[in-house]
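Residue-level listing of the chains:
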Amino acid sequence: MRESARGNVLAKKASRGLDRGMRPFASFVCLLIAGMGFFRVSSVHAEETVSVAAAADLVFCLDEIDAAFEKSHPGIKVQVTSGSSGNFFAQIQHGAPFDVFLSADVSYPRQLAETGLADKASLYTYAVGRIVLWTMKPEIDVKRGLAVLSDSAVHKVAVANPEHAPYGRAAKAALEHEKLWESLQPKIVLGENIAQTLQFVQSGNADAGLVALSLVLAPKLAGQGTYFEVPESFHPRLEQGAVLTKQGAAKAGAKAFLQYLASPEARPILDRYGFSLPSAK
Amino acid sequence: MIAQSVLPPELWVSLGLTVRLAATVTALLLVIGTVLGYWFSTSKSRGILLAETLVNLPIVLPPTVIGFYLLTLFSPDQPIGRVWFKITGQTLTFNFSGLVVGSILYSLPYAVQPISAAFKSVRQAYVDAAISLGATPWRAFWRITVPLSWRGLIAGAILAFAHTLGEFGVVVMLGGSIPGKTRVASIALYDEVQRLDYVAANKFAGVLLGISFVMLLLLGWVQGRAARAE
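Residues numbered from 1 in each chain as written. Chains lettered and ligands numbered in written order. Predicted model: local features only at pLDDT ≥ 70, side-chain atom pairs only at ≥ 80, totals over all residues.

Novice: Any chance you could explain the overall build of chain B here in plain terms?
Specialist: The helix and strand inventory of chain B stands at 12 helices and zero strands. Reading chain B from its N terminus to its C terminus gives the helix and strand order α-α-α-α-α-α-α-α-α-α-α-α. Taken across its 230 residues, chain B has 46% of its residues classed as buried. Taking contacts inside chain B between residues at least 6 apart in sequence as the whole, the part at least 24 apart equals 73%. (Helix = DSSP H or I, 4+ residues; strand = E, 2+ residues; numbered from the N terminus. Buried ≥ 20, exposed ≤ 12 C-beta atoms within 10 Å, placed from the backbone. Contact = placed C-beta atoms within 7 Å.)

Rendered as structure tokens:
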């Protein structure tokens, strides 16, 4: 008897707990489900989307090229992801769904083409990159060349990571050419890609950096800081290769974009950003 | 139009994607967390310590470690990645579904711990009484344990949601920053800073700060109510 009376009290308590407890919980779950569904509407839907993996030196230049391309090719939407070429190379090997790969060198896209992950016939050199020594600090006279980096006024020098950024490799080669790479080691900070390297200098966290000419020439940075063009003989030529990936080779929009990059419409934009024309083959 | 003046459209896409990811992960973690939490709170086996340690690993593990292992496992050249590709026609890496799996692992302890603690704090006498009155353990769980643990469940859900919002390392390794697919809020902010778009970055960071603050406020409120109820 006593057992069952106690059981009754407990059951009542529990059912009260259910009423009180489950209500907020249930509404919370509803909110979650709403969150899962509602935000689906905001995802991108275009007729055809071309996914471009672009070396970070193109980040500002591609804004202009994409806008021009989308204007002349209605129905095609270009989605750019920018970063270091070496990272994209690894990601495409792991199955990343990019249609077009614009590398800052030619060996990454060539390797992809040779292993069947990219369309060999589509590979071409779309630009030659240049590196510059750039600073925001008026007291650092970059016109003196790379040697200025040894001054005591220069505390931190930003360079892209030579492990996976072609611009980093060019910067390292240039510093080695001037016999500065070893002695500058305590001052060197590595950017994950060339755009981050630029950001280190632009934000004043690094006193100077070896960055892409194309970034320094961007309207966004017009009049900011001073730069010195590192002679091309200091490093292997930065030939930049474009290629259609295996999945991109099947898409008309991707092909059109790659062709557009070499067209008389896109060329002047690339030239304005300091990408000299690759020599005719 | 008002929305555009607060954030540029591509950041709204990122924010929407992040909320969708966090909501999906939280819903799944509520189920997984309930199962694991129940197991941890009731099992008397000594091996449970091992299982709990495994679940708690992401608290101390660098997220890039999780990202690296998943990148390797999910690769279309590997068995798991290959099977997934055959079934869905898409890769697990650089896709929303891959981020869901990665985020579940990454946020697992944040869901399991409060849920398991809540289950443990339910007086065994209540459950025993229900069972002695003829309830099946299944019924006792749903009618006694869960209603008495709802604050723990909500705390687990809030933490899982908030933790997934802040995810960076796993997504960097696994995602590839594809707009609308894998460019979540933290990655978008990183990209905006690299593009030197400090105005957009500032607004976006502010929005994320606000969301995180509200989430923690909510958590504190739920926990405060739990403390007063005891």
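Now, onward.
Novice: So what exactly am I meant to see when it comes to the overall build of chain A here?
Specialist: Helix and strand content of chain A: nine helices and 10 strands. The buried share of chain A, taken over its 281 residues, is 44%.

Novice: What should I look at first to understand the packing of helix α6 (residues 96-121) of chain B against helix α9 (residues 150-165) of chain B in this one?
Specialist: Helix-helix packing is characterised by the crossing angle of the two axes and by the distance between the axes. All names here are of chain B. For the pair α6 and α9, interaxial distance at closest approach is 8 Å and the crossing angle is 160°. As judged from the angle between their axes, α6 and α9 are roughly antiparallel. For the element pair α6 and α9, the recorded crossing hand is right-handed. Taking contact as the criterion, the partners of S103, S107, Y110, A111, P114, I115, A117 and A118 in α6 are, on α9, R151, G152, L153, A155, G156, A157, L159, A160, H163 and T164. Split into classes, the residues belonging to the contact of α6 with α9 amount to 11 nonpolar, six polar and one charged. (Axes fitted to C-alpha atoms, helices over the stretch in contact; angles between N-to-C directions. Parallel < 35°, antiparallel > 145°, perpendicular 65-115°, else oblique. Left-handed = near helix turned anticlockwise from the far one by under 90°. Nonpolar A, V, L, I, M, F, W, Y, C, P; charged D, E, K, R; others polar.)

Novice: Sorry, what's going on with helix α2 (residues 9-42) of chain B here?
Specialist: For an α-helix, 3.6 residues make a turn, and residues three or four places apart therefore share a direction. Given a rise of 1.5 Å per residue, 34 residues ought to cover 50 Å, and the 48 Å separating the end C-alpha atoms of α2(B) matches this to within 8%. Most pronounced at L29(B), the bend in α2(B) amounts to some 25°. (Expected span 1.5 Å × (residues − 1). Bend = angle between axes of the 7 residues up to and from the residue.)

Novice: Which parts of the structure should I look at to understand the nonpolar core?
Specialist: Soluble globular proteins: nonpolar side chains tend toward being buried together. Formed by 79 residues in total, the largest nonpolar core has its most connected members in V100(A), F101(A), I131(A), I194(A) and V211(A). With six residues, the top contributor of residues to this core is helix α2 (residues 59-72) of chain A. When we break this core down by domain, the ones giving at least three residues each are domain 2 (48-128 + 237-272) and domain 3 (131-234) of chain A. With residues up to four places along the chain from it excluded, the contact list for V211(A) reads I131(A), V132(A), W134(A), I194(A), T197(A), L198(A), V201(A) and V216(A). Core analysis: the second largest hydrophobic core is formed by 54 residues, V25(B), W84(B), Y106(B) and V112(B) among them. (Core = buried A, V, L, I, M, F, W, Y, C linked by C-beta atoms within 7 Å. Domains from an automatic or database assignment.)

Novice: Whenever I open this one, the sheet that holds strand β6 (residues 157-160) of chain A confuses me. Can you help?
Specialist: Strands in a sheet are paired, the pairing made by backbone hydrogen bonds, and the direction either parallel or antiparallel. Residues and elements named next belong to chain A. The strand order across the open sheet formed by five strands is β7-β6-β8-β5-β9, and the pairing between neighbours is mixed. Single-partner strands in this sheet number two, and they are β7 (188-191) and β9 (226-229). Mean inter-strand twist for the sheet, computed between neighbouring axes without regard to direction, equals 30°. Of the pairings in the sheet, the one linking β6 to strand β8 (residues 208-212) comprises two bridges and is parallel in character. The residue of β8 that forms the bridge with A158 is G209. Sheet contacts for helix α5 (residues 166-177): β5 (131-135), β6 and β8; angle to β6, the most-contacted strand, approximately 125°. Helix α6 (residues 194-202) rests against β5, β6, β7 and β8 of the sheet, and its axis sits at about 145° to β8. (Pairing = 2+ DSSP bridges.)

Novice: For this particular structure, what's the right way to read the domain arrangement of chain A?
Specialist: One frequent convention defines the size of an interface as the accessible area lost when the parts assemble. Residues and elements named next belong to chain A. In terms of domains, chain A is made up of domain 1 (7-42), domain 2 (48-128 + 237-272) and domain 3 (131-234). The straight-line distance from the C-alpha centre of domain 2 to that of domain 3 is 26 Å. Each partner contributes to the interface: domain 2 provides 16 residues, whereas domain 3 provides 17 residues. Mapped onto the side of domain 2 that touches domain 3, the elements with two or more residues apiece are α2, β2 (76-83) and α3 (85-93). Taken together, the residues that form the side of domain 2 that touches domain 3 break down as seven nonpolar, six polar and three charged.

Novice: Honestly, unusual backbone geometry in this entry has me stumped. Any pointers?
Specialist: Keep in mind that most residues, glycine aside, have a negative phi and that most peptide bonds are trans. Residues and elements named next belong to chain B. For F94, which is not a glycine, the phi torsion comes out positive at approximately 60°. You can see F94 is positioned in the loop between α5 (79-88) and α6. Unusually for a residue other than glycine, L196 sits at a positive phi of about 65°.

Novice: How should the sheet that holds strand β4 (residues 118-129) of chain A be read in this particular structure?
Specialist: Residues and elements named next belong to chain A. If you walk across this open sheet you meet the five strands as β2-β1-β3-β10-β4, and the pairing is mixed. Two strands bound the open sheet, and with one partner strand each, they are β2 and β4. The sheet shows a mean angle of 20° between the axes of neighbouring strands, direction not considered. Relative to β2, strand β1 (residues 48-55) runs parallel, the two sharing eight bridges. The partner of A53 across the bridge, within β2, is T81. α2 contacts β1 and β2 of the sheet and is inclined by roughly 175° relative to β2.

Novice: Teacher, can you tell me more about the environment of L148(B) here?
Specialist: Structurally, L148(B) can be placed in helix α8 (residues 137-148). Sequence spacing of L148(B) and A135(B) is 13 residues, and the spatial spacing of their C-alpha atoms is 17 Å.

Novice: Looking at this structure, I do not really get the pairing of β8(A). What am I missing?
Specialist: Consecutive side chains along a regular strand alternate between the two faces of the sheet. All names here are of chain A. Judged by how many residues are buried, β8 sits mostly within the fold: five of five residues are covered. Bridge count between β5 and β8: five bridges; the pairing is antiparallel. Residue pairing for β8: V132 is matched across the bridge by V211.

Novice: Any chance you could explain the confidence of the model for chain B here in plain terms?
Specialist: Atom-level detail of predicted coordinates should not be read off regions where pLDDT is low. The predicted model of chain B has a mean per-residue pLDDT of 91, with 98% of residues at 70 or higher. Model confidence for chain B, summarised as mean pLDDT per element, is weakest for helix α1 (residues 2-6) of chain B at 75 and strongest for α6(B) at 96. (pLDDT = per-residue confidence, 0-100.)

Novice: It is not clear to me how the environment of V128(A) should be interpreted in this structure. Could you clarify?
Specialist: Residues and elements named next belong to chain A. Counting through the fold element by element, V128 comes out in strand β4. For V128, a count of 17 C-beta atoms within 10 Å gives the class partly exposed. Sequence-wise, V128 and S276 are 148 residues apart; in three dimensions their C-alpha atoms are separated by 5.6 Å.

Novice: Help me out: how do you make sense of the environment of E114(A) in this one?
Specialist: Residues and elements named next belong to chain A. Tracing the sequence through the fold places E114 in helix α4 (residues 107-114). According to the C-beta neighbour criterion, E114 is exposed, with 11 such atoms within 10 Å. As for E114 and H94, which are separated by 20 residues in sequence, their C-alpha atoms are 16 Å apart.

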